[in-house]
Amino acid sequence: MQSFSTTLFADADSEYFASKYVIFGVPFDGTTSFKAGCRDAPCAIRQASYNLETYIPRYDLELGEAELHDMGDVYVECLPDMMTEQVSDIIADIKKDGKIPIMLGGEHSVTIGAVKVLKPKWYVVCDAHLDSQDEYRGTRYNHDCVTARVSEDVKNIVIIGARSGCKEEFENARKNYHLYTADDVRERGMKAILDEVAGLIGSDDLYLSIDADGIDCCCTPGLGTPEPFGLMPIDVRDMIGRLAPNAIGFDYVEVLPNDNGQTAMVAAHMIREFIASNFTSRQ
Ligand code: MN
Ligand code: MN
């Protein structure tokens, strides 16, 4: 039998009911504030995934052993509150079936519907931005309001890589969240910060959200809201590897595939890092 290439994430060969991890794309960029186009990211990330070997040496894992299923992309509604409900419905099904959801954005607003349903003890996010506006440009489901919405359901919030936001947002984040700026990471090192964060979280569960712009835009320029002076890709890989064992859900958002493919390529690696770390920690 010949094998055929598909548009699904590479090595996502399991049927839904046999799978442990369920990947799906949410090609929504309706509240984008700067450069539009992250609706194209799920497709670009899947294409990038075919560049990667099935074997992940760091974890001595053939990715397919982790049993992934890729549902494809949600046919999204135009309005962000409706999209949020769509995501919540899908996540509720995946949760009911005892699987771990892995969501490909789309913009960061896709996270809101997932966290609402999963109700983790902790929300850990990598982001250049604080995303804590209560409302922005006429909607409370803007990609600039994600942390504000999440904080309505989750008390414990960790932000790593932040370097952009208004004064009030920073004051609020310092008071109410565990905030580690990109400069903190550079000065203290990611390992020291992850030791501290892991100590706070203990054995609690968490939701892990990676906004691609947490990484320095000079490394991965395919971003809707690019920011320099950010994290290095390998620091974010370490963050995902360290925290994935406690995670009950994961997303990678805000990739805008208008570069030479490096941002989607990094995203594909990070998704595999999440799966490999979570899976091997359960063996
Ligand atoms: Mn964000
Ligand atoms: Mn951001």
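Note that this is a predicted model, so its numbers are computed, not measured. (Residues numbered from 1 in each chain as written. Chains lettered and ligands numbered in written order. Predicted model: local features only at pLDDT ≥ 70, side-chain atom pairs only at ≥ 80, totals over all residues. Heavy atoms only, no water.)

## Some points on the overall build of the protein chain
Right, on to step 1. In terms of regular secondary structure, the protein chain is built from 9 helices and 10 strands.
Right, on to step 2. Over its C-alpha atoms the protein chain spans a radius of gyration of 17 Å, differing by no more than 12% from the 19 Å that the globule rule assigns to 283 residues.
Right, on to step 3. Principal axes of the C-alpha set define a box for the protein chain whose edges measure 60 × 40 × 40 Å.
Right, on to step 4. Burial statistics for the protein chain: of 283 residues in total, 56% are counted as buried. (Helix = DSSP H or I, 4+ residues; strand = E, 2+ residues; numbered from the N terminus. Rg over C-alpha atoms; globule rule 2.2 N^0.38 Å. Buried < 20%, exposed > 50% of the residue type's maximum accessible area, 1.4 Å probe, protein only.)

## Observations concerning the coordination of the manganese ion (ligand 1)
Right, on to step 1. Looking at the manganese ion (ligand 1), one finds its protein donor set to be His108 (ND1), Asp127 (OD), Asp131 (OD) and Asp211 (OD), positioned 2.1 to 2.2 Å from the metal centre.
Right, on to step 2. Summarised as a motif, the one-chain spacing of the donors to the manganese ion (ligand 1) is H-x18-D-x3-D-x79-D. (Donors = N, O, S within 2.8 Å, 3.2 Å for Na, K, Ca; no water.)

## Considering the environment of Met83
Right, on to step 1. Tracing the backbone through its elements, the reader meets Met83 in helix H2 (residues 80–96).
Right, on to step 2. Separated by 29 residues in sequence, Met83 and Ile112 place their C-alpha atoms 9.7 Å apart.
Right, on to step 3. Those residues within four positions of Met83 in sequence are excluded, and the remaining contacts are Val26, Phe28, Val76, Glu77, Ser109 and Val110. (Contact = heavy atoms within 4.5 Å.)

## Looking at the nonpolar core
Right, on to step 1. In this structure, Ile160, Leu208, Met239, Tyr252 and Phe274 are the most contacted members of the largest nonpolar core, which totals 58 residues.
Right, on to step 2. Per-element accounting of this core gives the leading share, 10 residues, to helix H9 (residues 262–281).
Right, on to step 3. For Phe274, the residues in contact, after removing those within four places along its chain, are Ile100, Ile102, Leu208, Ile240, Ala244, Ala247, Gly249 and Phe250.
Right, on to step 4. Formed by 33 residues, the second largest nonpolar core is a distinct cluster that contains Tyr16, Val74, Val117 and Leu179. (Core = buried A, V, L, I, M, F, W, Y, C linked by side-chain atoms within 4.5 Å.)

## Regarding unusual backbone geometry
A negative phi holds for most residues other than glycine; trans holds for most peptide bonds.
Right, on to step 1. In this structure, Gly106 follows Gly105 across a cis peptide bond, with omega equal to 15°.
Right, on to step 2. Checked against the element boundaries, Gly106 lands in the loop between strand S5 (100–105) and helix H3 (110–118).
Right, on to step 3. Positioned with a positive phi, Asp60 is a non-glycine residue whose angle comes to about 45°.
Right, on to step 4. Checked against the element boundaries, Asp60 lands in the loop between strand S2 (55–56) and strand S3 (61–62).
Right, on to step 5. Given the relative accessible area of 57%, Asp60 is considered exposed.
Right, on to step 6. Phi at Arg137 takes a positive value of approximately 50°, unusual for a residue other than glycine.

## What to know about the coordination of the manganese ion (ligand 2)
Right, on to step 1. For the manganese ion (ligand 2), the protein coordination sphere consists of Asp127 (OD), His129 (ND1), Asp211 (OD), Asp213 (OD) and Asp213 (OD), at 2.2 to 2.4 Å.
Right, on to step 2. Mapping the donors of the manganese ion (ligand 2) onto the primary sequence yields the spacing D-x1-H-x81-D-x1-D.
Right, on to step 3. The metal-metal distance between the manganese ion (ligand 2) and the manganese ion (ligand 1) comes to 3.3 Å, with Asp127 coordinating both. Taken together, the positions of His129 in the loop between strand S6 (122–126) and helix H4 (146–150) and Asp213 in the loop between strand S9 (206–211) and helix H8 (233–243) put the pair 84 residues apart, joining distant regions of the chain.

## Side note on the side chain of His108
Right, on to step 1. Note that His108 resides in the loop between S5 and H3.
Right, on to step 2. At 3.1 Å, the side chain of His108 and the side chain of Asp131 are in polar contact.
Right, on to step 3. At 3.2 Å, the side chain of His108 and the side chain of Asp211 are in polar contact. (Polar contact = N/O pair within 3.5 Å; in protein donor to acceptor, adjacent residues only side chain to side chain.)

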